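Residue strings, one per chain:
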Amino acid sequence: MRAMVLDQPKQPLQLRDVPKPKPDRGQMLVRVSTCAVCRTDLHIVDAELPDPKLPLILGHQIVGRVEEIGEGIKAQFKVGDRVGIPWLGWTDGECAYCRSGRENLCDNARFTGYTIDGGYAEFTIADARYCFHLPERYDDVEVAPLLCAGLIGYRSYRKTGDARRLGIYGFGNAARLIAQIALYEGRELFVFTRTGDKATQQAAKELGAVWAGGSDEMPPERLDAAIIFASVGALVPAALRALAEGGIVVCGGIHMSDIPSFPYADLWEERVITSVANLTRRDGDEFFEIAPRVPVRTQTETFPLEEANTALDRFRAGKLKRTAVLVVNAVANQ
Ligand SMILES: [Zn+2]
Ligand SMILES: [Zn+2]
């Protein structure tokens, strides 16, 4: 099968013919239809995340069809089913985190497209227990970005509790998806962009934000919560200063530059800073239930599998206006 392979970080992916994998017990062989490109893929290529499997097939927002089923899979999937494969690929089910509903923190978790091979390939292997059925209203291209930007964004959003005034720092893919749910649930949305990025501020207002401005500005009202989707540590103290008493700052990314020091007074009065790691299957079930009701809409730009490096380069350079989705096998109509 054809695959785009990362041999070493900081090198371009190589298009290569590799043996088609075989499903073990509990696993499925999936023919990949589409795979969205995530900022995490970029962090892996740029050596900002430690110890990836090497050589590695990237990609953890995979949409495909079940081609072959290994032994021991109960009724949840059958050959031909459409399936979504997310970042969380496997957990041990036994550690203290798994046993307390926090499998996202599992000591031995494996991650798709990072510590196990992912979807920048014609086929991939997945443990059926971590895969999702996908809402029928979406086609294979438009549903792909929901599998990470949507899902982990949703976990960040849920950490904000019932915040009425919600700030979002960085208005990229995840932010745009989560903003739609926040508005659907009646939150007041305040969007912070790079200083002077009027076009993005305008886009945020058109989507329904009550205020949009630069990340160096203070919002007109204090926020109950803020989610930071940009990987810029300096936004943490900035967001903290914009919070009301008891407010929470949620860092929604897997990698962030260092956070500058700030006065304790900015954290005082029970303000909280937290991060969000990975996802649980429950996050996925909840998200795929609410997303089609909103309905959350994605904006995508497609690339053939062979052009994965182009998609990554354009992402790194900030030249993607929409979420890049690799189209691997021809997309059948729903
Ligand atoms: Zn565990
Ligand atoms: Zn991701």
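See the structure shown above.
Bear in mind that the values here come from a model prediction, so they are computed numbers and not experimental data.

Draft legend 1. Up close: the coordination of the zinc ion (ligand 1). Of the protein atoms, only Asp-92 (OD), Cys-95 (SG), Cys-98 (SG) and Cys-106 (SG) coordinate the zinc ion (ligand 1), at distances of 2.1 to 2.3 Å. Coordination at the zinc ion (ligand 1) is tetrahedral, judged from the four donor atoms that bind it and the angles of 98 to 118 degrees they form at the metal. Look at Cys-106 and you get buried, because its relative accessible area is 8%.

Draft legend 2. Representation of unusual backbone geometry in the model. In this structure, Pro-55 follows Leu-54 across a cis peptide bond, with omega equal to -10 degrees. Looking at the element boundaries, Pro-55 is found in the loop between α1 (39-45) and β4 (62-69). In this model, Val-294 is joined to Pro-295 through a cis peptide bond whose omega is -15 degrees. Secondary-structure assignment places Pro-295 in the loop between α7 (281-290) and β15 (300-304). Phi at Lys-10 takes a positive value of approximately 70 degrees, unusual for a residue other than glycine.

Draft legend 3. Inspection of the nonpolar core at higher detail. Counting 99 residues, the largest nonpolar core has Leu-13, Met-28, Tyr-120 and Ile-181 as the members making the most contacts within it. Of all the elements, helix α4 (residues 173-184) adds the most residues to this core, at seven residues. With 15 residues, the next largest nonpolar core counts Ala-226, Ile-228, Ala-242 and Cys-251 among its residues.

The rules behind each value
- Residues numbered from 1 in each chain as written.
- Chains lettered and ligands numbered in written order.
- Predicted model: local features only at pLDDT ≥ 70, side-chain atom pairs only at ≥ 80, totals over all residues.
- Heavy atoms only, no water.
- Donors = N, O, S within 2.8 Å, 3.2 Å for Na, K, Ca; no water.
- Tetrahedral: all angles 85-135°; square planar, octahedral: opposite > 155°, others 65-115°.
- Buried < 20%, exposed > 50% of the residue type's maximum accessible area, 1.4 Å probe, protein only.
- Helix = DSSP H or I, 4+ residues; strand = E, 2+ residues; numbered from the N terminus.
- Core = buried A, V, L, I, M, F, W, Y, C linked by side-chain atoms within 4.5 Å.

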